[in-house]
Amino acid sequence: MADWVEIPDLYRDPFPIYERLRAEGGVHWVPSVGRYLITSYDAVHATEVDQETFSANEEGSLQIRAMGHSMLRRDDPEHYLERRAWQPTLRPGVVKRVWRGVFERNAARYLEETIAKGPGDADLIWDFAAPFAAENLREMLGFHNVHQSDLQRWSQTLIDATGNYADDPEVWARGQRSFDEVDAALDEMLAWHARHPDHSLISQLIRIPDYRMPIERIRANVKMTIGGGLNEPRDALGVAAWAVLTHPEQRRIVEADASLWPTVFEETIRWISPIGLYSRQTTRDVELAGVALPRGARLGICILSANRDETVWDRADVFDVRREVKPHLAFSKGVHVCLGSWAARSAVADVALPMLFERLRGLDLVPDRPAEVGGWVFRGMLSMPIRWDAVAGPGGASAPGAADAARDEAAPALAPRIAVVGSGPAGCFSAQALRAAMPASRIDVVDRLPVPSGLVRYGVAADHQGTKAVARQFDRLLADDGVRFVGNVPVDGPDLARLRDAYDAVVLATGLSADAALAIEGAGLPGVVGAGRVTRALNGHPDEPDVPALGARVVVVGHGNVAMDVARLVARDAAELDGTDLDDAVHRALAGDVRELHLVGRSAPADARFDPVMVRELATLSGVEHVVHDADLDAVPVGKDARLDAVRALAARTPEAVGDVRVRMHWWFGATPLAVTGATAVTGVRVATPGGERVLDADAVVTAIGFAAGADALVEPGAHADGRVEPGLYVAGWLRRGPRGTIPDQRSDAKGLAGLVLDDMSSGAVPLGRPGIDAFEGATDLDGWRRIDVVERRAAAPGRRRAKLRTVEAMLAAATDASIPLPTTVAAAASAGGGVPVTILFGTESGGAELVADELAQHLGARADVQVLDLADATPDGLDASRIHLLVCSTYGDGEVPTSARPFHAALVADGASLEGLRYAVLGMGDTSYARTYSRGSELVDEALAARGATRIGEYGRHDASGPLDVGEVARAWADGVLASDEAQVVAAG
């Protein structure tokens, strides 16, 4: 009970109230509001992912009374149908192609009107932010018969009614007048759009092919869109400007780096969320944050409070664009995630904020007329008088977007000579992005080995050929006329100086090859070996000619993905290695005697660093028995923690499934290595476990605790987080990030790095005109690599892809042997997707996967026979094994298969015919704010397909909805990689 809370106090400043409520538990009955207020992050998050318990369809909802029964007050499946009808107008691609230009035009118009008011007289909110947001919304909706001021009035009065917890009759009366006006204007425009179709929402609604929305639902949803679609961008823009103006040190950071405006936007809506509260109602008796809630309890979900939870963010009350990025709740989560989020981000972060601060020089608040902020159901600026010193003209060098426009115009003509040192994922993705940003550039990709691909060739596990398939993309890059592969050229300090003198820009992407040291007693004993050395040896790296024999008993220190790779490769039977590029002799020498493996990790299963997909892969190995120690397998219910579910699968493996035990694998959780025992060689590892100290007998210890820079590192890893060492010298991959990040991370980083290099060259910070180096002594080229490739593939043993040449001398001999015929370019054409029959399957809850499927169909349509199929309309037995199947599947709620895919998944799980011969790839869409179940929906479908004998190919793609990357961009790169894989080419060849 919090009977001390009053609505006027919440309106003035809810944050001290919320701070106290969070400290006292996070769930309270508040009599003045007539509902329970949910204020902690965890409690709010719990309500968002469980619509079956916490229903949006609240009885007596103020929003239903104010606006009608919109999708925001419905649960699935009704909610999904209405949301699906709204999506086409607001999808990211449409925002970029259609609405971005509208936003730019409107921002310029209303900024001119603000300037005309004059400094000191203009109010940023009512002269710029509000009309800008209203006009954008008017055009997006398609209300061509009203003025933007009408939408402002409608929005405010409908919003006031929605938050009318004090039951003020005047508020209801104003809301009713707007309710009726919207209906009248909408009826007129429905008839108009039937004759004049365009991109607007109203126009799209009357052209839905398979679903006709009842008029009363169209009206309710249009009113809902007018409410949230105006006040959110208006208030986000106002608060963001206020935050920057009142934090001078933050302003300097942002004005020095315009790429940070999206960060300003995200931090703003975390700091002060425009929508502060929405309602839910319980459908059953339930306990939330230790408080018993009865069936039918009315809840107020306090986003303003959850986004300032001290247990999630340090100094949560502070506006700080430099803080660690964590998923906020301003756009909600789960099935009700905000449909307009992409439009709001584009309008505010991409357009309005940069334009405002570029054009109004010396922009500031008016000291004797302080800005005002208020609200708790919705919170934003009430007034914000501004002044400025000067105005930069729209056509001048300081005009809004002029720098970007000049850069974009100059980019095609820029022809720099660039050297990228390192041909692994970071290097190749960087070269690819630089080439796309500056098509006239000439790029040399330099590597110390005669072969390209770095980590992909020598670091990725040999039995994960789907991940290795990205090397096909690198081969196509290196075949580009403007890109040259320069192999067998090591680069040290003096060599780097030579490159800096010869090239306009140099990008260092050499990675980190040394294993991080285990800092305990005995770690230097013979028999202690790094995981990197093990994976390099199994991958045939020339730096690892001596294969370490691990013996019968092995302790692996670490529970990350590298540790999973080592355990799998060591324990896997040779018969299960078909289709890999593993060297059997090396595998036998290294792991042939292993009979007992101990995997030692400090964390509990739920907090371990492994990918649950990799653990479930270990659970399928024949002849491997798993023994799980010190793990509470009943800590959370089944299906609510993907990592714990994966460990359960290990423990549940039956003797019949294991068969004859070859290897016994012990999993130690909550265990800390204390010392490696032994006098002259390893005899064991002393560990502290929850049950006390013990010694694990061992003949070898493999440390899988990360990577570090070797003595030959050219720069300090992680010291240049933005990628720029100095203008003209840049770092990528682990040299930029430090030893973390995946191959997809390198792809996303590369795009940002290319923009940084392009900015430096466009601005003159990097002068152009250096000649590059035409000939490197002793270098190999792309044809040399192709000859090596031919030799290795020809020498492959039955069931293997290649037999790698294990010395540089052997590689050079093959590279320079002109008698070896070069492969034709047919495979290269096929690897681009030409002729491959593709079926794109999507399983979705709120429509996101369907949109991605449509984008992939457009992307691949010109070079492949493409079909798109909803899993709701598919059956396992109806899938055509002659086609590649690209499965795009979202995760729903707290880890379930999305609704549309459930019948298909159920049919897979039921007994049925074998799907052997069917090849498929998976893109899992999820949100890492649900860390325990991220991407689990797609994984469940994947597991069920594999259980029926189907074969997954290519990289297991993932997209994080709480991250910065556009899902379409991620999906296109994933699909290109899949279609470049060897398995896809088998299908293409028939």
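Data block above holds the structure.
Predicted model only: the values in this text are computed from it and were never measured. (Residues numbered from 1 in each chain as written. Predicted model: local features only at pLDDT ≥ 70, side-chain atom pairs only at ≥ 80, totals over all residues. Heavy atoms only, no water.)

## As for the sheet that holds strand 7 (residues 298-302)
To summarise the sheet geometry, strands pair through backbone hydrogen bonds and adopt either a parallel or an antiparallel arrangement.
Phase 1 of the analysis: Overall, mixed pairing links the five strands, which are arranged 1-2-7-4-3 in an open sheet. Every other strand in the sheet has two partners, leaving strand 1 (27-30) and strand 3 (54-55) as the edge strands with one partner each.
Phase 2 of the analysis: Bridge count between strand 3 and strand 4 (residues 277-282): two bridges; the pairing is antiparallel. Across the sheet, the residue bridging to S55 is Q281, located in strand 4. (Pairing = 2+ DSSP bridges. Helix = DSSP H or I, 4+ residues; strand = E, 2+ residues; numbered from the N terminus.)

## Let's talk about the pattern of salt bridges
Phase 1 of the analysis: By the definition in use, this model includes 71 salt bridges.
Phase 2 of the analysis: Its salt-bridge partner being D565, residue R568 comes within 2.9 Å of it at the nearest N-O pair. Of this pair, R568 and D565 both sit in helix 23 (residues 561-571), three residues apart, roughly one helical turn.
Phase 3 of the analysis: Classification of R568 as buried rests on a relative accessible area of 0%.
Phase 4 of the analysis: Under the relative-accessibility criterion, D565 is labelled buried at 12%.
Phase 5 of the analysis: Residue R802 is joined to D789 by a salt bridge in which the shortest nitrogen-to-oxygen separation is 2.6 Å. Of this pair, R802 sits in the loop between helix 30 (782-794) and helix 31 (808-815) while D789 sits in helix 30; the two residues are 13 residues apart in sequence, bridging distant segments of the chain. By the burial criterion, R802 is buried, and D789 matches it.
Phase 6 of the analysis: If you follow the salt bridges from partner to partner, you end up with D611, R616, R936, E939, E943 and R958 in one network. (Salt bridge = Lys/Arg side-chain N within 4 Å of Asp/Glu carboxyl O. Buried < 20%, exposed > 50% of the residue type's maximum accessible area, 1.4 Å probe, protein only.)

## Let's talk about the sheet that holds strand 24 (residues 672-677)
Phase 1 of the analysis: With antiparallel pairing, three strands are arranged side by side in an open sheet as 24-25-26. The open sheet has two edge strands with one neighbour each: strand 24 and strand 26 (692-697). With strand direction ignored, the average angle separating the axes of adjacent strands in the sheet is 25 degrees.
Phase 2 of the analysis: Pairing of strand 24 with strand 25 (residues 684-689), which is carried by five bridges, proceeds in the antiparallel orientation. Looking across to strand 25, one finds that T677 is bridged to G684. (Axes fitted to C-alpha atoms, helices over the stretch in contact; angles between N-to-C directions.)

## Notes on helix 12 (residues 248-256)
Phase 1 of the analysis: Within helix 12 the residues assigned to the buried category are Q250, R251 and V254. Buried residues in helix 12, looked at end-on, bunch into an arc of 100 degrees, giving them a common side. Seen from the buried face of helix 12, the exposed residues on the opposite side, beyond 90 degrees, are R252 and A256.
Phase 2 of the analysis: Residues of helix 12 that are buried sit in contact with helix 11 (215-245), helix 13 (261-271) and helix 15 (341-359). (Arc of directions from axis to C-beta. Contact = heavy atoms within 4.5 Å.)

## Topic: the packing of aromatic side chains
Phase 1 of the analysis: Enumeration according to the criterion identifies 12 aromatic pairs in this entry.
Phase 2 of the analysis: Between W29 and Y36 the ring centres are 5.1 Å apart and the planes differ by 70 degrees, which places this aromatic pair in the edge-to-face class.
Phase 3 of the analysis: A ring pair is formed by W261 and F357, whose centres lie 5.1 Å apart and whose planes are at 35 degrees; its orientation type is tilted. Pair noted here: W261 is in helix 13 and F357 is in helix 15, with a separation of 96 residues, a long-range link. Grouping residues by exposure puts W261 and F357 together as buried.
Phase 4 of the analysis: Taken together, the ring pairs connect W242, W271 and F319 into an aromatic cluster.
Phase 5 of the analysis: Above the face of the W4 ring, R20 is positioned so that its terminal group lies 3.8 Å from the ring centre.
Phase 6 of the analysis: In this structure, R270 packs its charged tip against the face of W313, placed 5.4 Å from the ring centre. (Phe/Tyr/Trp six-rings, centres within 6.5 Å; stacked < 30°, edge-to-face > 60°. Lys NZ or Arg CZ within 6 Å of the ring centre and 35° of its normal.)

## Notes on helix 22 (residues 531-538)
Phase 1 of the analysis: Where burial is concerned, most of helix 22 is hidden: seven out of the eight residues are buried.
Phase 2 of the analysis: Looking at helix 22, one finds that the buried residues are A531, G532, V534, T535, R536, A537 and L538.
Phase 3 of the analysis: Backbone geometry just downstream of helix 22 places G540 in the positive-phi region, at approximately 75 degrees.

Just distances and angles here, no functional claims.
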